[in-house]
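# Architecture at a glance
One letter stands for each residue in the lines below.
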Amino acid sequence: MSNRNNVALLLVEDDTVDIMMFKRAVKKRNLNYVIDVATDGRAALDQLRDPKRSQATSPVILLDLNMPGMNGHEFLEELRNDDSLRHCIVFVLTTSGHVRDKTLAYNKNVAGYFLKSNLDGIVAMLEQYSTYVELPVAGGIQPV
Amino acid sequence: MWPMASLKSKIYAGFGITSVLLLVNGVLGYTGIVKTQESSKSIRDIHKASSSVQIIDRDVQELRLSVRRFIQDGHDSQRQKVLELISSLEEDIEAAKSHNLDPDSQEAFLLVSEHLRGYAEQFDVVMEERKLRASLVQNELPRLGQSIDEMFQSVTQELSDTSQKVKFIEAQQRFASSQKQLLRYFTNPDSTLANESVTELEHSMRLLAESLNSQNSTNKADIQELSNKLQDFERMGLRAVQATRGYLFLVNVLMSGEASEVAHYSKSLMRMTNKRRADLSNEVKTATEKTKDTTQLGIILVLLVALVLSSRLAYLIVTPISRLTSTFKLLAEGKTRVTVPETNRADEIGEMAKAAEVFRSQNEQTQTLLNQSRELSYQLVKHSEDLKAINEELDSFAYIASHDLRSPLRGISQLTSCIVEDDDSLKEETSELLSLIQERITKMEDLLENLLEYSRAGRVEIEPELVDVHMLVSDTIELLNNPNKVEFIYSEDLPKFVTSKTPFEQVLQNLITNALKYNDNTDGGRIEISCQTEGNRYLFVVNDNGSGISPRHHERIFKMYQRVGNSQVEGSGMGLAIVKKQVESYGGTITVDSDEGRGAKFSFTWPISLQEEIHTTELREAHV
């Protein structure tokens, strides 16, 4: 049984203000999350694949869709194609409520799609979520 | 053939010639038939003539026979018959004469009539003689004979002298014998009998004369009377004999002669008529032969002429026409590489060919125009495609722009909030400044939202849904802030129809909201919403009695970011621009009828059925 308050998050977001706002929201709830940040999809993947990161579990990924460089959809595409990473939990956090974005995201089996406008609610949800959830093993299940 | 004449005249000439020939043929045939008819009539006439002559012949035979019978028997009925036959023969001769009008026959008939007349006259005499003889033989002679016999009886009785008696008896016997001979003569007129009768009678008279001399006076008178009677008898007898001889002579010689003449002439008439008939038969035969030959020739001639004319005309007409027809067919298909035949002729076909030439050059022109128009059309399509691309670019630009512009705005807003949140010790002025910043940020966000909406309004996404306009209006009104209690008037009859709900809602809600926003009447404010059907579109009208819009602004208000009127009223200025864009993208129109202080009436049309819209959109997208 892991310490729920130590859930690792990987925030994939390019906007500095949005990063700041998220961190503030977490802090407001006194959550002790480890928040890593990647400013685009490429950086996020590099981080996830970094052998120096030896963790028991993969971080919960909070993904923005509109990023320069590799955007959210492209990131998801590559993520789900990677056997060692496809198990990762992804929550989409974006400004776009476009049905196309939603469809694409859910087609890649995101755990949830959220709009940034209610940041507080999202963090509240994360709190509940991380308290009860069983996280997957890092590195995924190797095919036998 | 005549190279300069038109086809029409050639055709007419051809028909004319053929018709004339046929007519001539017909006339010839007709004439021939008429002639034949006449000849047949002549033959019939001759037939009648010959048979009438034959009748005469027959009649003559009959007449002779009847006369002989009459002579023989002397009966009245026979006499009557003879007279009848004579008169009927005369009639027949007249009839025959009228049937045989040639001079020879007429002469013959005249002679026949003459002889017949002679015959008849003689017969009259014969009749008289026969009558006389009949009366003598039947009446007077027997009577006299009888009286003589009686007298002989009485005188003989009176005689005393036997030798006288014997003489008287002989005389009586001789008389008897004479009477007998006479009777035998009248039965069978043989002259010897008559002579013998006379001889006997003379003998008798002589005997009486002898006895007369030796008689006394009393007997003398009687004997004289007897002798006179015997004389009378002789005279009568001789008269009767004479009569008989007379008519026999008439009959056997004269009449016979006349009858023979008649027979002769009738035979010659027969010969003449037969000859005429034979001649006529020949004539008819030759005439019909001639007609047949002429008609045959005529028909062959006509056929040849017709054949020649028609083949010539056919060559002149049919071949060129079929060539021109195939040329026209090619031209009708729109071909231009066609050589038009027969253009150098001077007749109707030449005219047609020239027309075909014109047709051909028209075709060329049409082809050129077609090519040009195709080129233009292609360019048009290309331009439209370019436009479409530009439009799409603009749309996505608007979308992206607004989206990307909103992102930093949001950041600014959030940071401003953070400042306020984090620092309790802010000065009041600082707080106010920050608050003003927030206001402007919000404003900017609204503007961008509207811009985004406007760009979205350009996309026609057909998602048919059932819209209850009445319910839509009442729901909209409920959500509005209506402090002045403006009255809303709208009928229950507002339609329910299937259309794109979102854009339609947007338009109607916008107009209603505007009407309320700009209605400055604190009391008695009224907004009326109505609907009419105009063909295949609904005409919706939102009418208010608010402040109104001056006509010089009527165009401006539909432009982006334009606001007129009361500046206290909150608004982005995009509402009507978005409405106009939506209405027009569904093929409708929006108009305003308003003046300052007179309120405003906004009318827009919306399609009743989206089928047309789908179709129109497809068309638009296909062409653009």
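Our subject is the structure listed above.
The structure contained in this document is the topic of the report that follows. (Residues numbered from 1 in each chain as written. Chains lettered and ligands numbered in written order. Predicted model: local features only at pLDDT ≥ 70, side-chain atom pairs only at ≥ 80, totals over all residues. Heavy atoms only, no water.)

## Regarding the pairing of strand β6 (residues 590–594) of chain B
Residue and element names in this part refer to chain B. The alternating pattern of β6 places Ile590, Val592 and Ser594 on a buried face and Thr591 and Asp593 on a face that is not buried. Note: β6 against strand β7 (residues 600–607), five bridges, orientation antiparallel. Paired with Asp593 across the strands is Lys601, a residue of β7. What sits between β6 and β7 in their antiparallel hairpin is a turn of five residues, with Gly597 showing a positive phi close to 80 degrees. (Buried < 20%, exposed > 50% of the residue type's maximum accessible area, 1.4 Å probe, protein only. Helix = DSSP H or I, 4+ residues; strand = E, 2+ residues; numbered from the N terminus. Pairing = 2+ DSSP bridges.)

## Digging into the sheet that holds strand β5 (residues 112–115) of chain A
Residues and elements named next belong to chain A. Strands sit in the order β2-β1-β3-β4-β5 across an open sheet of five strands; the sheet is parallel. Of all the strands in the sheet, the pair left with one neighbour each is β2 (34–38) and β5. Geometrically, the sheet is characterised by an average inter-axis angle of 20 degrees between neighbouring strands, direction not taken into account. Judged from the three bridges that link them, strand β3 (residues 60–63) and strand β4 (residues 90–94) form a sheet pairing that is parallel. The partner of Leu63 across the bridge, within β4, is Val92. Packing against the sheet, helix α1 (residues 16–28) makes contact with β1 (8–12), β2, β3 and β4, and its axis sits at approximately 170 degrees to β2. (Axes fitted to C-alpha atoms, helices over the stretch in contact; angles between N-to-C directions. Contact = heavy atoms within 4.5 Å.)

## Concerning the packing of helix α9 (residues 469–479) of chain B against helix α10 (residues 501–517) of chain B
All names here are of chain B. At their nearest, the axes of α9 and α10 sit 10 Å apart, and the two run at 45 degrees to each other. In terms of their interaxial angle, α9 and α10 are classed as oblique. The two elements α9 and α10 meet at a crossing, and its hand is right-handed. Listed contacts from α10 to Val469, Leu472, Val473 and Thr476 of α9 are Phe504, Glu505, Leu508, Gln509 and Ile512. (Parallel < 35°, antiparallel > 145°, perpendicular 65-115°, else oblique. Left-handed = near helix turned anticlockwise from the far one by under 90°.)

## With respect to the environment of Asp124 of chain B
Examined against the element boundaries, Asp124 of chain B turns out to sit in helix α3 (residues 103–158). C-alpha of Asp124 of chain B to C-alpha of Leu83 of chain B: the two residues are 41 residues apart in sequence and 9.3 Å apart in space.

## As for the pairing of β4 of chain A
All names here are of chain A. With five of five residues buried, β4 is to be regarded as a mostly interior element. Here β4 shows no split at all, with Val90, Val92 and Thr94 on one side and Phe91 and Leu93 on the other all buried. With helix α3 (residues 72–81) bridging β3 and its parallel neighbour β4, the resulting β-α-β unit is right-handed. Two strands pair when backbone bridges link them, and β4 and β5 are joined in this way by four bridges, in the parallel orientation. From the neighbouring strand, Thr94 faces β5, where its bridge partner is Leu115. (Right-handed = clockwise from strand over helix to strand, strands pointing away.)

## Thoughts on the side chain of Ser52 of chain B
Tracing the sequence through the fold places Ser52 of chain B in helix α1 (residues 7–73). Residue contacts for Ser52 of chain B: discarding those within four places in its chain leaves Ala96, His99 and Asn100 of chain B.

## Focus: unusual backbone geometry
A positive phi angle is found at Asn30 of chain A, which is not glycine, with a value near 55 degrees. Here Asn30 of chain A shows up in the loop between α1 and β2. Overall, Asn30 of chain A belongs to the exposed group, its relative accessible area being 69%. A positive phi angle, close to 50 degrees, is found at Lys485 of chain B, a residue other than glycine. Relative to the elements of secondary structure, Lys485 of chain B occurs in the loop between α9 and β2 (487–490). Looking at Lys485 of chain B, the relative accessible area reads 68%, which means it is exposed.

## What about the interface of chain B and chain A?
Contacts between the two partners involve ten residues from chain B, matched on the other side by twelve residues from chain A. For the pair chain B and chain A, the summed buried surface comes to about 910 Å²; carbon and sulfur atoms form 49% of the total. For the pair chain B and chain A, the number of links is four salt bridges. Between Glu421 of chain B and Arg24 of chain A there is a salt bridge, with its nearest N and O atoms 3.5 Å apart. A breakdown of the residues in the side of chain B that touches chain A according to their chemical character gives three nonpolar, four polar and three charged. (Buried area = accessible area lost by both parts, 1.4 Å probe. Salt bridge = Lys/Arg side-chain N within 4 Å of Asp/Glu carboxyl O. Nonpolar A, V, L, I, M, F, W, Y, C, P; charged D, E, K, R; others polar.)

## Brief notes about the packing of aromatic side chains
Residue and element names in this part refer to chain B. For the structure shown, the criterion picks out 19 aromatic pairs over all chains. Ring plane angle 55 degrees and centroid distance 6.3 Å describe the contact between Phe504 and Phe604, whose orientation is recorded as tilted. One end of the pair, Phe504, is in helix α10; the other, Phe604, is in strand β7, with 100 residues separating them in the sequence. As far as the burial class goes, Phe504 and Phe604 line up, both buried. Put simply, the rings of Phe497, Phe504, Tyr538, Phe540, Tyr586, Phe604 and Trp606 pair up and form one aromatic cluster. (Phe/Tyr/Trp six-rings, centres within 6.5 Å; stacked < 30°, edge-to-face > 60°.)

## Quick word on the pattern of salt bridges
The full count for this structure, using the stated rule, is 35 salt bridges over all chains. Two residues, Arg49 of chain A and Asp82 of chain A, come together in a salt bridge whose shortest N-O distance is 2.9 Å. Residue Arg49 of chain A is located in helix α2 (residues 41–49), and its partner Asp82 of chain A is located in the loop between α3 and β4; the two are separated by 33 residues in the primary sequence. Among the ionic pairs, Lys354 of chain B bridges to Glu351 of chain B, the shortest N-O distance being 3.9 Å. Of the two residues, Lys354 of chain B and Glu351 of chain B are both situated in helix α7 (residues 348–422); the distance of three residues between them amounts to about one turn of the helix. Among the charged side chains, a salt-bridge network with shared partners connects Glu13, Asp18, Asp64 and Lys116 of chain A together with Arg410 of chain B.

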